[in-house]
Amino acid sequence: MAANAPAGETCPACKGFGVLETPEGRAVICRCRAAGLAEARLKAAEIPQRYLNCKVENFDLKRPGASQSHMRASLIARKFIEEWKTRDRGLMFVGPVGVGKTHLSVAILKTLIEDCGVRGIFCDFSDLLERIKATFSRTNPDNADDVLAPYRDAELLVLDELGALRPTDWVRDVLYGLINTRYNRQRLTIVTSNYSDAPVRQGEEKLEDRIGTMVRSRLYEMCDLVVLDGLDYRAWRAVKV
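Quick look at the structure, then. (Residues numbered from 1 in each chain as written. Predicted model: local features only at pLDDT ≥ 70, side-chain atom pairs only at ≥ 80, totals over all residues. Heavy atoms only, no water.)

Looking at the sheet that holds strand E4 (residues 120-124)
Adjacent strands of a sheet pair through backbone hydrogen bonds, lying either parallel or antiparallel. Rule in force here: Following DSSP output, two strands are said to pair if at least two bridges run between them. Strands here mean DSSP runs of E at least two residues long; helices mean DSSP runs of H or I at least four residues long; both are numbered from the N terminus. Axis definition: a line fitted to C-alpha atoms, over the contacting stretch in the case of helices. Angles run 0 to 180 degrees between N-to-C directions. By the convention used here, residues are in contact when the closest approach between their heavy atoms is within 4.5 Å.
Pairing within the open sheet is parallel, and its five strands lie in the order E4-E5-E6-E3-E7. The open sheet terminates on both sides in strands that have one partner only, identified here as E4 and strand E7 (223-227). Here the strands of the sheet are splayed against their neighbours by 15 degrees on average, with no regard to which way each runs. Direction of pairing for E4 relative to strand E5 (residues 156-160): parallel, over a ladder of five bridges. Within E5, the position partnered with glycine 120 by the bridge is leucine 156. Helix H6 (residues 169-185) contacts E5 and strand E6 (188-193) of the sheet and is inclined by roughly 150 degrees relative to E5.

Points about empty space enclosed by the protein
Stated precisely, the cut-off is as follows: Definitions used throughout: a 1 Å grid over protein atoms alone; a cavity as a set of points that fits a 1.4 Å probe which cannot get out; a pocket as an open set with protein on both sides within 12 Å along at least five of seven lines; a lining residue as one with an atom within 4 Å of a point. Grid points are joined across faces, edges and corners, and a volume is the space filled by probe spheres set on the points. Gly counts as polar in this scheme, as do all residues outside two lists: the nonpolar Ala, Val, Leu, Ile, Met, Phe, Trp, Tyr, Cys and Pro, and the charged Asp, Glu, Lys and Arg.
For the coordinates displayed, the defined rule picks out one cavity of 30 Å³ or more. Its volume calculated, the largest cavity comes out at about 50 Å³. In this structure, the largest cavity is lined by Phe125, Ser126, Glu161, Leu162, Gly163, Ala164, Leu165, Val171, Leu175, Arg210 and Ile211. Those elements giving two or more residues to the lining of the largest cavity turn out to be helix H4 (125-134), H6 and helix H7 (207-211). Grouping the amino acids of the lining of the largest cavity by side-chain chemistry returns seven nonpolar, two polar and two charged.

Observations concerning the pattern of salt bridges
For the record, the criterion: Basic side-chain nitrogens of Lys or Arg form a salt bridge, by our definition, when they fall within 4 Å of a carboxyl oxygen of Asp or Glu.
Evaluation of the coordinates by the stated rule reveals 13 salt bridges. Each of Glu83, Arg87, Arg89 and Asp224 takes part in one network of salt bridges that share partners.

A word on the packing of helix H2 (residues 68-82) against helix H3 (residues 101-116)
To be explicit about the condition: Throughout, the term roughly parallel applies to angles under 35 degrees, roughly antiparallel to angles over 145, roughly perpendicular to angles from 65 to 115, and oblique to all others. The hand of a helix crossing depends on one turn: near helix anticlockwise from the far one by less than a right angle means left-handed, and clockwise means right-handed.
The interhelical angle for the contact between H2 and H3, taken along N-to-C directions, is 20 degrees, at an axis separation of 10 Å. Compared by their axis directions, H2 and H3 come out roughly parallel. The hand of the H2/H3 crossing is right-handed. Of H3, the residues touching H2 (which contributes Ala73, Ser74, Ala77, Phe80 and Ile81) are Leu104, Ala107, Ile108, Thr111 and Leu112. Among the residues forming the contact of H2 with H3, the class breakdown is eight nonpolar, two polar and no charged.

A few points about unusual backbone geometry
A positive phi is found at glutamate 46, a non-glycine position, where the angle reads about 60 degrees. Within the secondary structure layout, glutamate 46 lies in the loop between helix H1 (31-44) and H2. Phi at glutamate 161 is positive, roughly 60 degrees, even though this residue is not glycine. Note that glutamate 161 resides in the loop between E5 and H6.

Quick notes on H3
Note the cut-off: What a helix is expected to span follows from its residue count: subtract one and scale by 1.5 Å. Working definition: with a 1.4 Å probe on protein chains only, accessible area under 20% of the residue-type maximum means buried, over 50% means exposed, and in between means partly exposed.
End to end, H3 covers 22 Å across 16 residues, agreeing with the expected 22 Å (1.5 Å per residue, within 8%). Burial within H3 is extensive, with 13 of its 16 residues counted as buried. Taken from the residues just after H3, glycine 117 is the one with a positive phi, measuring 70 degrees.

Focus on the nonpolar core
How we decide: Buried residues of nine kinds, namely Ala, Val, Leu, Ile, Met, Phe, Trp, Tyr and Cys, make up a nonpolar core once their side-chain atoms join them within 4.5 Å.
One finds Ile47, Phe80, Phe93, Ile108, Leu112, Leu156 and Ile190 to be the most contacted residues of the largest nonpolar core, which totals 30 residues. Within the residue set of this core, elements represented by two or more residues are H2, strand E3 (90-94), H3, E5 and E6. Top contributing element to this core by residue count: H3, with seven residues. In this structure leucine 156 touches Trp84, Leu109, Leu112, Val118, Arg119, Gly120, Ile121, Arg182, Leu188, Thr189 and Ile190, once residues within four positions along its chain are discounted. Val94, Cys123, Val174 and Ile179 belong to the second-largest nonpolar core, a separate cluster that totals 27 residues.

What to know about the packing of H6 against helix H8 (residues 213-222)
Running from amino to carboxyl end, H6 crosses H8 at an angle of 30 degrees, the nearest separation of the two axes being 10 Å. It follows that H6 is roughly parallel to H8 by the angle criterion. Between H6 and H8 lies a crossing whose hand is left-handed. Contacts between H6 and H8 involve Leu175, Tyr176, Ile179, Asn180, Arg182 and Tyr183 from the former and Met214, Val215, Arg218, Leu219, Glu221 and Met222 from the latter. When its residues are assigned to classes, the contact of H6 with H8 shows eight nonpolar, one polar and three charged.

What follows is the structure, given as structure tokens:
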């Protein structure tokens, strides 16, 4: 395979065209362009700076409070990456705060973007709602449909902190529109939530209370449930310091 050309020089393999022809006659992207394309896809994925180094390989399985659920979730993440091309269901990581749900979700997204050319995007649902609300201003040139479009269309969406906001009719309508569109288009979605289907303590809200019956129903079909438990890793690190 051709090496990347030094900056400012023409690639000797593709002669600057960015495309090579295989012995079978197929056109493939030259290595000199592949790195740039991967970098552009990663930038477009809107992964928060804090999570840019997340990998399945650096998911800490020996941290205090880690359980068998962490090992199982890590194996499921690896399998998801390996089986990406044949997957027809996403994942829903559920568990208390600080157990690694976002880490594993971003690790999957980042690996598939960099290694498989997947068009993926990260979405904090609370941030998305704030961006949509901002379009209500007369001085904002964007509209709600423009804001939602990248999340509806992405090959892979990581929808983080689902259910974090107090549900209102408007919040549920926005969420239903997004999930239902991806459901109908058969797009893969990875979800994280602190809410489960069976609350641990009496009086706690369950996931369906936070996101609505119709959205939960679609997620049953769209995602395999992955339950994580254990201690809040952030709290443990704060005490350790």
